[in-house]
Amino acid sequence: MSSTSQTAPYSVASLLDKLSSQDSDYRFMSLSDLYKILDNKAAVISHEPNSQTNRIVNCILRSLADNNAEVQNLAVKCLSPLVRRTNENQLSAIIVQLSKTDSEIDDSLASTALRTVITSVPVSGSTGRLFITRLLPILLPQLRTSTDKIDVLVDLIHVFGSSFTQEQVHETQNALIGVLASGKGLVRKRAVGALGALSNHLQQKLWIAMMEYLQTSFADNKASTDKLRILVSVTGTLCSAEQVRIGPFLSKLVPPVITALEVDDDDLREAVLKTLDTFIELCPKELAPFTSDVITVASRFVRYDPNYAADDEDEEDEDGQMMDTDDENDEDNDLDDEYEEDEFSDDEDVSWKLRRSAAKLVATLIETRRDMLPQLYTSLASVLISRFTDREETVRTEVMHTFAVLAEQTDKYKDSTSTRRKRRMSDDSMLLETDPRVQLSDLSGKVFKILAKHLAKTSGLETKQASLTVATELVTVLTTLPAEFSSLVPTIVPAFNQGTLRISIITFINTLVTNHGLDEIINYLPSLVSVVIAGVDDKFYKVSSESLMTAENIVRLITEQSSTPADTAKYVRQLHDLAVAKAIDSEADLVVRESSILVIARVMVSSKPVLQPTDYQSDALIFWERLRNETTRLIAIKAIDIISLCPAIDVSWFSNIWVTNIITELAGLLRKADRSLRAASINGLKTFTEKFGIMIDTATVSGLLLVLRGVLLEDNLQLIAPTMHILTILVAKIPHSQVDILDCVIQLLPKSASTTITESFILFFSALAQQGQSSGLFDSLSKEDLLVPTGAKVLAAVVVHGGLIAEKVPLIKAIAEKSGESDVAAVRGSLMVLGEIAKIAGNDFPTDIVSTKLLFDKFTSANDDVRVTAAQTLGAIAASNVSSYVSLIISHLGTDTSKAYLLVISLREVIVYNSVDDAHAALLSPYVKDLWLQLFAVDYKSTSSANTANEAGGLRAVASECIARLAMIDPIEFIPDLSQRLRSGDAVARNIVITAVRFLFNQPREATSGGADAVAIEDSTSTDEVLTPLVEDFFALLQDSDLENRRLAISAVASIAHNKPQLLAEYLARVLPLLFADTFPRAEYIREVQMGPFKHKIDDALDVRKAAYETIYALLVAFAGQKVVQVDDRDLQLENVFDRAMAGLDDDHDVKVVSCVTIGKISETNTGVVAAKLDVIASKFTDLLNTKPKETAIKQEFERHSEIIRRVLRTTQEIQAALTSAESKGKTYPSGGSSDAKWVKYMVSVVPIAKNSTGSGR
């Protein structure tokens, strides 16, 4: 690079001289070399930049008029790097020269050059004003005659639209409207796109004027057909660009658009159908009143074929139902005759475009109005089926795609009013009458019959592909196959010989056998199995691997029966042997071998009636061989896992040698450096020893222990839990002489905080204690430094399971009675052990030995940890002795406010322990009401002064948790009371209730029992019904005058969105505006404080603002894309969410991060919202990336800056991925989408930043 920089000035001068050569090859090569230098950012083109650059500009502009086309094109290419090096005067000269009407440069080439300059120049306010001032007066008068000038204008708007003044926007708008009125052909079409790009920059006044123009123009009865077509196209384009702003005007725009269909012009009708498609897709709510009209239009034009002799009306009977034109008497008629022998050769017949557009309109309608599926079936399903035989293949495939969408949406169908219907109706048959699944089932026979003919005859490949897609969707949705399905299966075998259909056919078979029982498809098994066998032998690895997975499902289907019939057992044997052959075939593709190994394992676990023990042994040897092969190790481990986890597998079918070999091989893999391989190996060992532990000999155990000890010494938290699980399984075989493994495990106790790891330690030491080693273990574990929470739990398990309660509890109690300052650790540890013993022993705990006096005395300890541990121990003892202790704790809570925090902690232990199931809850039920009243009776204000600062801070949180858990024990009794208390005039009382409600909503959607933190809920549906009014009352607290309460309320909404979104769905329109209001900084909450000589501003509402942004994002995650609850994207107010997220990029660091994540989520949910603002995003992201920390910044500021850089880059990737995905599906955006000039330049600038970020380890 340095040499290039030094020689560039001289090279450039020489190259410029050669541009005057008479030889075009010299000129071309000189321009090529010049381009390389200009494109090299490190190259210095002159020691006097201005003079040299001026000369380069003149030479390149002169080359644009060269008589050689290749030189001209290369000169245009050189403009891109050149304009990045020019100053404003030079740039102005380029613009003037390229925009001259009397220039020697060809107009089309000059326009191309101008577009290159516009999209390449660095964007700034002054540059934008320069381009607009210079170009707009020249471009606007020429718009009516030149498509090139319109293209230049579109690029100018895309890149510098934000620099337009409203006067210039108005002037441009009028000029484009003038083009629509008097322009011709392609010019007007380009003007429509330009108006779409300009619409993003129209202020409301100009936008309303545009809407009024459209309404007035549509009302003109004398408007020509061409003008109507342009007006319809403009309306659709504006809807694509500004779907939110056009919504209120659609009630007046849709009727004239639909009326335009009455004009006998196919081009106009096609434009109307496309525009209606856009309306339905982007504005489904606003189009709801016109849905019946749209259905009528779609039904009419799907059948529209005026030049075809057959009349669709003739195919309907008197009741309006489609007649079956393919009955048994017409079996000899070829389907192809309908659309091949009668096919028109008239090139002017474009009616097929209308049918195709109408089919697309129906597909969009189905996707956006799933709630109307019953009506859509009644009105459109039969019409679509009638066009399966359309004479144009593009129409056929589009109609089939639409029907596939109909079937797909039927599978997802959830009647949004089903709950209300069930309350109103007692007769289930009333629901079934309009069940789309029933409607689809009624039509499926006719559909299968037509599809079978398409696959059997000489239909085009696209038609056959579409037929398979429809068939796959149908077998997914249908619960019962119609009789006509039998006509489809025989066509599968010959169709499989067409290579491009093989994947689709295998997918169809896989879907069929996955969704239907053996009794339905048993007659088709010979054909299906023959196709799958052919697929497994296919040379293309994707076909082979998919066929193997299908073979597995066929085997599972056959062997699910209690007894496998002999005539189907042969298929299991065939498929099993085929998979074995592929697994041992060294020439087979790796993906195929991996698939075959998994298939063998899954066949083994499901084919006991068919396979013999010798088959299991030979298959097991294959796994061992594959385990020793470097390329198939991971998949072999997975296969071994599958058979190890299967209860039906009998270990006697396998030899001891094989078990030893597998153990040895897996243990050896634990020494490898590959982390994923080691994790798979340790988990494989865990499941394998569970299954085959009785077959492992002592010598193998000794060798395995050495390997496992090495794993434990690594301190790898990912491997500790499965390693301990293995040791627990082998505990009876661990030689007493190998105490070093125990020492190694004991040393890990203080480092283990994970629940999973702690549980594994408890199980291991409990197993050892039951083996008679409890006394020695007690001595080893009772050291003070080990009695952290994990060590205490382990020691308690040893005491209980080793039968040492009577012997060791008095000893532990004696240590707990100590009161010296040097004994704090021992006292705390012994109290923890006593509490854990009480939890495990339950009623067997000797309460007569450990008195309440001892524990209450510890409440006055000078050490905070000792006090809290004593409270937890009291709660643990009381949990299993409710009748003896709970009343005592309640009475103390009512009289001794100084110990309120500790007593509430004890109550929490009691409530948690006794809410795991109904049996425990019944023991607590006599005291629940008293607990509820006493928790609310505590004076939390006075206790704040009576307790230490830490205790006062935690009291309300613990009390709120207790209240929430009590509410879940009896929701019908207590939740209405909570709702009343939300209206309390006391801010502290509201704080308690808000925190409790937040805890309620933090519970998972399906509460489970069996864990300490589980909540017993008998009927989650009935609980949600009780919570619903609480949700509605809760929203008032989003405007609470107390900032902390408001923050808690906002975060509680996020909890609802995450755990119980169904409760929130109908209130989005109310909640979102309240959240938006809290995303604005408010001056009344900003105060100035003096810190030494400096003044700082503190925003007291910052935490509220952060919570609001986080909750908005939580709502997006819960509802976007209708993944959890059916909610229209417009209910999420994505435009407003996007605006607030963009504003958040100028806020506090945490708000910036959440805003970036939110923008990325919006791009995934509705790419159009982001696509319309790419220029704004590019500008803001560029500012964030270019921001540098101050030289005096501290470490945390550098870390925050790095986090923002990473987040912006990640969001950029998400936006680009969303744009690419949408555009690959045919979506277009007025802004240009991923080709938007500003966005493209931003993406180019991001590349080096991303590389630097990656290179620096970020």
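Residues numbered from 1 in each chain as written. Predicted model: local features only at pLDDT ≥ 70, side-chain atom pairs only at ≥ 80, totals over all residues. Heavy atoms only, no water.

A closer look at the overall build of the protein
Heads up, the condition is: Secondary structure follows DSSP: runs of H or I at least 4 residues long count as helices, runs of E at least 2 residues long count as strands, and numbering of each begins at the N terminus. Burial classes: relative accessible area under 20% of the type maximum marks a residue as buried, over 50% as exposed, and values in between as partly exposed (1.4 Å probe, protein chains only). Should any heavy atoms of two residues lie within 4.5 Å, those residues are counted as being in contact. Surface exposure here means Shrake-Rupley accessible area, sampled with a 1.4 Å probe, where a residue is shielded only by the protein chains that are shown.
A count of helical and extended segments in the protein gives 62 helices and two strands. Looking at the 1258 residues of the protein, the share that counts as buried comes to 54%. If you take every contact in the protein between residues at least 6 apart in sequence, the share linking residues at least 24 apart comes to 75%. Surface summary for the protein: the accessible area is close to 55000 Å², and the carbon and sulfur share equals 49%.

Some remarks on the packing of aromatic side chains
To keep it simple, the criterion reads: Centre distance within 6.5 Å is the pairing criterion for rings of Phe, Tyr and Trp, where only the six-membered ring of Trp is used; planes under 30 degrees apart are then read as stacked, over 60 as edge-to-face, and the remainder as tilted.
Overall, the coordinates contain 22 aromatic pairs when judged by the stated rule. With a centroid separation of 6.3 Å and an interplanar angle of 40°, the aromatic rings of Phe485 and Phe508 are classed as tilted. With a gap of 23 residues between them, Phe485 in the loop between helix H25 (461-477) and helix H26 (489-496) and Phe508 in helix H27 (residues 502-515) connect regions that are remote in the sequence. When its relative accessible area of 0% is taken as the criterion, Phe485 is described as buried. Overall, the relative accessible area of 0% leaves Phe508 in the buried class.

Thoughts on helix H5 (residues 88-99)
How we decide: Residue count minus one, scaled by 1.5 Å, sets the expected span of a helix. Here a polar contact is taken to be a pair of N or O atoms separated by no more than 3.5 Å, where protein atoms must pair a possible hydrogen donor with a possible acceptor and residues adjacent in sequence count only if both atoms sit in side chains.
Taking 1.5 Å as the rise per residue, H5 with twelve residues should run 16 Å; its terminal C-alpha atoms sit 16 Å apart, in good agreement. Sitting at the head of H5, Asn87 places a side-chain oxygen 3.2 Å from the backbone nitrogen of Asn89.

Regarding the packing of helix H10 (residues 185-199) against helix H12 (residues 225-241)
The axes of two packed helices give the description: the angle between them and the distance between them. Rules: Only the contacting stretch of a helix is used when fitting its axis, a line to C-alpha atoms as for every element, and angles between N-to-C directions run 0 to 180 degrees. The labels follow the angle: roughly parallel below 35 degrees, roughly antiparallel above 145, roughly perpendicular from 65 to 115, and oblique for the rest. If you view the pair so one helix is near and one far, a crossing is left-handed when the near helix is turned anticlockwise from the far one by less than a right angle, and right-handed when it is turned clockwise. Under the scheme applied, nonpolar residues are Ala, Val, Leu, Ile, Met, Phe, Trp, Tyr, Cys and Pro; charged residues are Asp, Glu, Lys and Arg; polar residues are all the others, including Gly.
Where H10 meets H12, the axes come as close as 9 Å, and the angle between the chain directions of the two elements is 30°. The angle between H10 and H12 places the two elements in the roughly parallel class. The crossing of H10 and H12 is right-handed. Touching Arg188, Val192, Leu195, Gly196 and Ser199 of H10 are Asp226, Lys227, Arg229, Ile230, Ser233, Val234, Thr237, Leu238 and Ala241, all from H12. Classifying every residue of the contact of H10 with H12 gives six nonpolar, four polar and four charged.

So, the environment of Val993
Among the structural elements, Val993 can be located in helix H52 (residues 987-1001). A C-alpha to C-alpha distance of 9.6 Å links Val993 and Arg956, two positions 37 residues apart in sequence. Among all residues touching Val993, those that are not within four sequence positions of it are Phe936, Leu978, Arg981 and Leu982.

Quick look at the packing of helix H36 (residues 675-692) against helix H38 (residues 717-729)
It is the contact of H36 with H38, at a shortest axis distance of 9 Å, that shows an interaxial angle of 25°. As far as their axial angle goes, H38 and H36 are roughly parallel. In this structure, H36 crosses over H38, and the sense of that crossing is left-handed. Every residue of H38 that contacts H36 at Arg675, Arg678, Ala679, Ile682, Asn683, Leu685, Lys686, Thr689 and Glu690 is listed here: Gln718, Leu719, Pro722, Thr723, His725, Ile726 and Ile729. In terms of residue class, the contact of H36 with H38 is built from seven nonpolar, five polar and four charged.

Considerations on the environment of Gly535
Relative to the assigned elements, Gly535 resides in helix H29 (residues 525-536). A relative accessible area of 0% places Gly535 in the buried class. In the structure, Gly535 is positioned eleven residues away from Glu546 in sequence and 8.1 Å away in space, judged by C-alpha atoms. In this structure, Gly535 is in contact with Phe496, Val543, Ser544 and Ser547, ignoring residues within four places of it in sequence.

Overview of the pairing of strand E1 (residues 1086-1091)
Stated precisely, the cut-off is as follows: When DSSP finds two or more bridges between a pair of strands, those strands are recorded as paired.
Two elements, E1 and strand E2 (residues 1094-1099), share six bridges in a ladder whose sense is antiparallel. Note that in E2 the partner of Arg1087 across the bridge is Ile1098. Linking E1 to E2, which pair antiparallel, is a turn of two residues; within it Gly1092 sits at a positive phi near 65°.

Considering the pattern of salt bridges
Which entries qualify depends on this criterion: For this analysis, a salt bridge means a side-chain nitrogen from Lys or Arg found within 4 Å of a carboxyl oxygen belonging to Asp or Glu.
With the rule as written, the count across this model stands at 53 salt bridges. Close ionic contact of Arg556 with Glu552 constitutes a salt bridge, the shortest N to O distance being 2.6 Å. Of the two residues, Arg556 and Glu552 are both situated in helix H30 (residues 541-559); the distance of four residues between them amounts to about one turn of the helix. On the basis of relative accessible area, Glu552 is assigned to the buried category, the value being 6%. The shortest N-O distance in the salt bridge between Lys1195 and Glu1199 comes to 4.0 Å. Here the residue Lys1195 and the residue Glu1199 both occupy positions in helix H61 (residues 1195-1224), the gap between them amounting to four residues, near one helical turn. For Lys1195, a relative accessible area of 60% puts it in the exposed group. On the basis of relative accessibility, which here comes to 43%, the residue Glu1199 falls in the partly exposed class.

Some details on the side chain of Thr873
On the secondary structure map, Thr873 appears in helix H45 (residues 864-879). Discounting chain neighbours no more than four positions away, the residues touching Thr873 are Leu831, Met832, Leu834, Gly835 and Leu855.

Description of a nonpolar patch on the surface
What counts here: Patches here: salt-bridge-free residues with over 30% relative accessible area, like charges joined within 9 Å, nonpolar side chains (Val, Leu, Ile, Met, Phe, Trp, Tyr) joined within 5 Å.
A cluster of nonpolar side chains, contributed by Phe540, Tyr541 and Val591, occupies part of the molecular surface with about 240 Å² of accessible area. Tracing the backbone through its elements, the reader meets Val591 in helix H32 (residues 590-606).

What to know about the confidence of the model for the protein
In plain terms, the rule: As a per-residue measure, pLDDT tells how confident the predictor is, with possible values from 0 to 100.
Counting all residues, the mean pLDDT for the protein is 83, and 87% of those residues have values of 70 or more. Model confidence for the protein, summarised as mean pLDDT per element, is weakest for helix H22 (residues 418-424) at 38 and strongest for helix H14 (residues 250-259) at 93. Contacts for the low-pLDDT stretch residues 1-6, under 50 throughout, to residues beyond four places or in other chains number seven contacts.

Some words on helix H56 (residues 1102-1119)
Given a rise of 1.5 Å per residue, 18 residues ought to cover 26 Å, and the 26 Å separating the end C-alpha atoms of H56 matches this to within 8%. Burial within H56 is extensive, with 14 of its 18 residues counted as buried.

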